[in-house]
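# Secondary and tertiary structure notes
Listed below, chain by chain, are the residues.
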Amino acid sequence: MAKFTDIIGQEQLKEHLQNAIATKKVSHAYIINGERSSGKEFIARIFAMALQCERGEIEPCGECHSCKQALSNNQPDIVYVSHEKPNTIGVEDIRAQINGDIAIKPYSSPRKIYIMNEGEKMTVQAQNALLKTLEEPPEYAVILILTTHVEALLPTVLSRCVVLNMKPVSDALVKKYLMEELAVPDYKANICVAFARGNIGKAKLLASSEEFEKVRDEAITLVKYINDMEVNEIVKAIKKITEYKFDVNDYLDILSAWYRDVLLFKATKDVNSLIFKEEIQQIMRVSDRSTYEGIETIVNALQQAKRRLEANVNFDLTMELLLLTIKEN
């Protein structure tokens, strides 16, 4: 099913959207901002479904003709904006799918709803084209822009939308969901929760990914032995990463979590709050031989590597620079 009650956490966001439906004060444009996999599209779909539901209540009924169409992605007045190029939403995408379509009245529903995923990929020209529609939208139109980087949007676009920010879901709620809904064992749930950092979709992906454990083991083996490795061995290890169908950001998160553990242990000597408790001997060794500055340099280098990869800098080069920084510190 897909109802507001199925959304885990995000209480303020749910309340805002349901309140808008109840008071009939629905805005023409919303931006839902949050991490990848955090459930933005799930929320947008439920909101769209509720707005088009024939019963007109604050929860979609799931049974009327419109709800059934929405559940099978066939509701003619809920439009999913797609884009040809993987890394950009261009001006043509906006003109063809929103601007050129929005003047046509809804086919069978009270509203016409546009859901655009990856809104941060809109070029400046695309955003300016969308702006024209945002300035004078038809009465029946609702545009939902989902984004992982709200700061990539122009201030003029932001000022014409209601911006709703996803909040991290509490670790206890994420763990409860993994254990009760997905039957994930306790020890595995703990690791997934630690990596998901309040992102329910990511926790779910990690829990169901067979590769996650393999990648985690590879990553930890690499940081354990990196000081004794030659550059060509490091390069070989990088090549191995690319063989996995695994998001490289998640790989970098594993490395970040390892160094956070090292930093935490160095500062507190507390084993209980570590993610990699089972690696305590190695964490002790690394924390003894590293300086605070050295560990922070590595943590910053990991963030920098993420930014470079987002900006499409060459993968091998980015990873080589990162691993050499780790080796030096």
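Above this text is the structure in question.
The structure presented is a predicted model; accordingly, all values stated were derived computationally and were not measured.

Moving on to helix α8 (residues 186-196). Burial of α8 is extensive: 8 of the 11 residues sit out of reach of the surface. Three or more residues of α8 are buried, namely K188, A189, I191, C192, V193, A194, F195 and A196. Those residues of α8 that are buried are in contact with α7 (171-181), α9 (200-208), α10 (210-225) and α12 (248-268). After α8 finishes, the residue R197 shows a positive phi value of roughly 45°.

Our focus in this paragraph is the nonpolar core. Membership of the largest hydrophobic core comes to 55 residues, with the highest contact counts inside it found for L178, F195, W258, F276 and L322. With 10 residues, α12 is the largest single contributor of residues to this core. Excluding residues that lie within four positions of it along the chain, L322 makes contacts with L252, L255, A301, L302 and A305. Counting 31 residues, the second largest nonpolar core, distinct from the first, contains L13, A48, C61 and C64.

Of all 5 residues in strand β3 (residues 112-116), 5 are buried, a share of seventy percent or more. Residues K112, Y114 and M116 point to one face of β3 and I113 and I115 to the other, with burial holding for every one of them. Relative to β3, strand β2 (residues 78-81) is paired through 4 bridges, and the arrangement is parallel. Across the sheet, Y80 pairs through a bridge with I115, a residue of β3. Handedness of the crossover is the feature at issue here: the chain leaves β2, passes through helix α4 (residues 91-99), returns alongside β3, and the resulting connection is right-handed. Looking at chain direction, β3 and strand β4 (residues 141-147) are connected through 5 bridges and run parallel. The residue bridging I115 from the neighbouring strand is L144, located in β4. Since β3 and β4 lie parallel, the crossover through helix α5 (residues 124-135) that links them has a hand, and here it is right-handed.

Let us look at the environment of K3. With respect to the helices and strands, the residue K3 is situated in the segment before α1 (11-22). As a C-alpha pair, K3 and I46 span 43 residues in sequence and 6.0 Å in three-dimensional space. Contact partners of K3, with chain neighbours within four places excluded, come to I46, E59, P60 and C61.

On the surface, V313, L317 and L321 cluster together into a nonpolar patch covering about 230 Å² of accessible area. Within the element layout of this structure, L321 appears in helix α15 (residues 315-328). The class for L321 is partly exposed, based on a relative accessible area of 39%.

At a minimum axis distance of 10 Å, the contact between α7 and α9 shows a crossing angle of 40°. Taken together, α7 and α9 sit at an angle that is classed as oblique. The interaxial crossing formed by α7 with α9 has right-handed handedness. In this structure, α7 uses V174, Y177 and L178 to contact α9, whose residues at the interface are I200, A203, K204 and A207. Tallied by class, the residues present in the contact of α7 with α9 amount to 6 nonpolar, no polar and 1 charged.

With a probe scaled to a water molecule rolled over the atoms, the places where space remains empty come into view. As a volume, the largest pocket reaches approximately 1,300 Å³. Here the lining of the largest pocket takes 4 residues from α12, the largest share from any one element. Across the lining of the largest pocket, the residue classes break down as 13 nonpolar, 16 polar and 15 charged. Computed from the structure, the second largest pocket encloses a volume of approximately 290 Å³. Forming the boundary of the second largest pocket are 16 residues, of which D6, F42, Y177, I200 and K204 lie nearest the centre. Elements with a minimum of two residues in the lining of the second largest pocket: α2 (40-52), α7 and α9. A breakdown of the residues in the lining of the second largest pocket according to their chemical character gives 8 nonpolar, 5 polar and 3 charged.

Scoring rules and cut-offs
- Residues numbered from 1 in each chain as written.
- Predicted model: local features only at pLDDT ≥ 70, side-chain atom pairs only at ≥ 80, totals over all residues.
- Heavy atoms only, no water.
- Buried < 20%, exposed > 50% of the residue type's maximum accessible area, 1.4 Å probe, protein only.
- Helix = DSSP H or I, 4+ residues; strand = E, 2+ residues; numbered from the N terminus.
- Contact = heavy atoms within 4.5 Å.
- Core = buried A, V, L, I, M, F, W, Y, C linked by side-chain atoms within 4.5 Å.
- Pairing = 2+ DSSP bridges.
- Right-handed = clockwise from strand over helix to strand, strands pointing away.
- Patch = residues over 30% accessible without salt bridge, like charges linked within 9 Å, V, L, I, M, F, W, Y side chains within 5 Å.
- Areas by Shrake-Rupley, 256 points an atom, 1.4 Å probe, with all protein chains shown as cover.
- Salt bridge = Lys/Arg side-chain N within 4 Å of Asp/Glu carboxyl O.
- Axes fitted to C-alpha atoms, helices over the stretch in contact; angles between N-to-C directions.
- Parallel < 35°, antiparallel > 145°, perpendicular 65-115°, else oblique.
- Left-handed = near helix turned anticlockwise from the far one by under 90°.
- Nonpolar A, V, L, I, M, F, W, Y, C, P; charged D, E, K, R; others polar.
- 1 Å grid on protein atoms, 1.4 Å probe; cavity = no way out; pocket = protein on both sides within 12 Å on 5 of 7 lines; lining within 4 Å.
- Points joined across faces, edges and corners; volume = space filled by probe spheres on them.

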